[in-house]
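Listed here are the chains, written in short residue letters.
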Amino acid sequence: MAARFWWGSSEKDSKIHWCKWDVLCKHKEQGGLGFRDLGLFNQALLAKQVWRCIRFPNSLCSRVLKASYYPNGGVVEAKSGNHAPFIWRSLVWGKKVIQKGYRWRIVNGNSVRVIEDPWLPRPVTFKIYDKPPLPNQLYVIDLKKGNGEWDEEFIRAVFNPTDAELILGMATTEWDIEDKILWHYSKDGEY
């Protein structure tokens, strides 16, 4: 609709599109006209709704979605079935944005799986590079001693040197505070 408006004012005549829509959606500094890509904008809004489900799991919307689509897990791990309603398929599509930039902040380590979850302070993947032969349900708390400090001997024996240094460089605490999901690309951790 926007392209039809931009390239001509007459409804009955065919219009010539002088350049690609992708070029028009680039920033003005990059040679475009700064139009908003509505597909990406829509995906970002859907991702925001998924982020609210992550941050506020006790809200009415989160509880309804959980009861309907992911009763045995979290929204991040939830998948879309073959006959899922349009709204759920849309939210799963928006969740792809969240999966590219979220990571866990480790405090007690009870909620974060070592192999599957993104928790290392490493840009792009936030995960372990070389997956050691560990059980899939090993949690970060299992890498700590009873006093809350990292088990350095075990970590250096199991993980590659780069991953081991990243893990050992993370702060530890004895406090029993829940781990928290962060958006890595903002200062306050919010999407």
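Predicted model only: the values in this text are computed from it and were never measured.

Colleague: Account for the domain arrangement of the protein, naming residues and giving values.
Modeller: When the domains of the protein are assigned, the result is domain 1 (38–100) and domain 2 (102–190). Each side of the interface is counted separately: domain 1 has nine residues, and domain 2 has twelve residues. For the pair domain 1 and domain 2, the two sides together bury roughly 820 Å², of which 56% comes from carbon and sulfur. If you sort the residues of domain 1 by the area they bury against domain 2, Trp-51, Arg-55 and Lys-100 come out on top, with a joint share of 58%. At the surface where domain 1 touches domain 2, the tally comes to two salt bridges. Where Arg-55 meets Glu-190, a salt bridge forms, and the shortest distance between an N and an O atom there is 2.8 Å. For the side of domain 1 that touches domain 2, the secondary structure elements donating two or more residues are α3 (38–55) and α5 (86–101). For the side of domain 1 that touches domain 2, the element with the most residues is α5, which contributes four residues. Looking at the side of domain 1 that touches domain 2 residue by residue, the classes come out as five nonpolar, one polar and three charged.

Colleague: So what's going on with the side chain of Arg-113? Which residues, and what values?
Modeller: Within the secondary structure, Arg-113 is located in the loop between β1 (102–105) and α6 (152–158). Excluding residues that lie within four positions of it along the chain, Arg-113 makes contacts with Glu-77, Trp-119, Asn-136, Gln-137, Leu-138 and Tyr-139.

Colleague: Describe the environment of Gly-94, listing the residues and the values that go with them.
Modeller: By the element assignment, Gly-94 lies in helix α5. On the basis of relative accessible area, Gly-94 is assigned to the buried category, the value being 0%. When near neighbours in sequence (up to four residues on either side) are disregarded, Gly-94 contacts Gln-43, Leu-46 and Ala-47.

Colleague: I'd like to hear about the pattern of salt bridges, residue by residue, with values.
Modeller: Using the criterion set out here, one finds seven salt bridges in the structure. The partner of Glu-77 in a salt bridge is Arg-113, and the shortest N-O contact between them spans 3.8 Å. Of the two residues, Glu-77 is situated in the loop between α4 (60–69) and α5 and Arg-113 in the loop between β1 and α6; the sequence distance between them amounts to 36 residues. Accessibility expressed as a relative area gives 41% for Glu-77, which makes it partly exposed. For Arg-113, a relative accessible area of 17% translates into the label buried. The residue Arg-122 makes a salt bridge to Asp-163 at a minimum N-O spacing of 2.4 Å. Of this pair, Arg-122 sits in the loop between β1 and α6 while Asp-163 sits in helix α7 (residues 161–168), placing them 41 residues apart in sequence. With respect to burial, Arg-122 and Asp-163 carry one shared label: buried. One salt-bridge network, held together by shared partners, links Glu-77, Arg-113, Glu-116 and Asp-117.

Analysis parameters
Residues numbered from 1 in each chain as written. Predicted model: local features only at pLDDT ≥ 70, side-chain atom pairs only at ≥ 80, totals over all residues. Heavy atoms only, no water. Domains from an automatic or database assignment. Contact = heavy atoms within 4.5 Å. Buried area = accessible area lost by both parts, 1.4 Å probe. Salt bridge = Lys/Arg side-chain N within 4 Å of Asp/Glu carboxyl O. Helix = DSSP H or I, 4+ residues; strand = E, 2+ residues; numbered from the N terminus. Nonpolar A, V, L, I, M, F, W, Y, C, P; charged D, E, K, R; others polar. Buried < 20%, exposed > 50% of the residue type's maximum accessible area, 1.4 Å probe, protein only.

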